[in-house]
Amino acid sequence: MSNTNLIYDIGAHRGKDSLFYLLKGFKVIGIEANPVLVEKLRNKFSNFIETGQYTLISKAIDNHSGKTIKFYINDNKDDWGTSLNNWNRSMDDNFKEIGVETISIEDIINLYGIPYYMKIDIEGSDVMVLDSLLQLNKKPLYLSIELLTPKNYN
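Below is a summary of the structure that appears in this document. In this text, all values refer to a predicted model and were calculated from it rather than measured experimentally.

Some points on the environment of Ser132
Part 1: Position of Ser132 relative to the elements: it lies in helix α5 (residues 126–135).
Part 2: On the basis of relative accessible area, Ser132 is assigned to the buried category, the value being 16%.
Part 3: With 71 residues separating them in the primary sequence, Ser132 and Ile61 have C-alpha atoms 10 Å apart.
Part 4: Here Ser132 is in contact with Asn63 and Ile105, once residues within four sequence places are set aside.

If you want it as structure tokens, here you go:
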């Protein structure tokens, strides 16, 4: 059974969605892999973090926790962080590679519980999250997901 007060913001980016959920009174688990954005989120939500209403996970979603993977960030489009080396390259090739630690959806659910709602926006890895959820007995009641296939994406 899902926790009706818990929301996962997977791909928290700059925290616009997280802020909306927080102001509605929800407990939010924000997951963001880009370390520059993570630092901004820590500063922006410091009061919510202190009260325990907001938890920020600075990791990339993967099928296995505890690995370090290649993650690609784009200084021109900070919402295009991805673990896929060919994501959106036809639109802008200004990506740089960094190493980021991973966490699985299963481990997040085991740590924090089944959310009422899960927002998924992780630039090409969204389907991986759906595949992971299909393998679990525990699922959120509601999902939203951005499924976007850019030009020339293989």
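Examining the sheet that holds strand β5 (residues 68–74)
Part 1: Taken in spatial order, the three strands line up as β4-β6-β5 in an open sheet, and their pairing is mixed. Edge positions in the open sheet fall to β4 (60–61) and β5, since each of these has one partner strand only.
Part 2: Pairing of β4 with strand β6 (residues 95–103) involves two bridges; the strand directions are parallel. When the bridges of β6 are listed, Ile61 appears paired with Ile103.
Part 3: Lying over the sheet, helix α4 (residues 105–112) contacts β4 and β6, oriented at roughly 50 degrees with respect to β6.

Regarding the pairing of strand β2 (residues 27–31)
Part 1: Counting buried positions along β2 yields four of five residues, so the element is predominantly enclosed.
Part 2: Note that strand β1 (residues 3–10) and β2 share five bridges and pair parallel. Bridge pairing links Tyr8 to Ile29 in β2.
Part 3: In this view, the connection linking β1 to its parallel neighbour β2 by way of helix α1 (residues 16–23) has right-handed handedness.

Cut-offs used in this document
Residues numbered from 1 in each chain as written. Predicted model: local features only at pLDDT ≥ 70, side-chain atom pairs only at ≥ 80, totals over all residues. Heavy atoms only, no water. Helix = DSSP H or I, 4+ residues; strand = E, 2+ residues; numbered from the N terminus. Buried < 20%, exposed > 50% of the residue type's maximum accessible area, 1.4 Å probe, protein only. Contact = heavy atoms within 4.5 Å. Pairing = 2+ DSSP bridges. Axes fitted to C-alpha atoms, helices over the stretch in contact; angles between N-to-C directions. Right-handed = clockwise from strand over helix to strand, strands pointing away.

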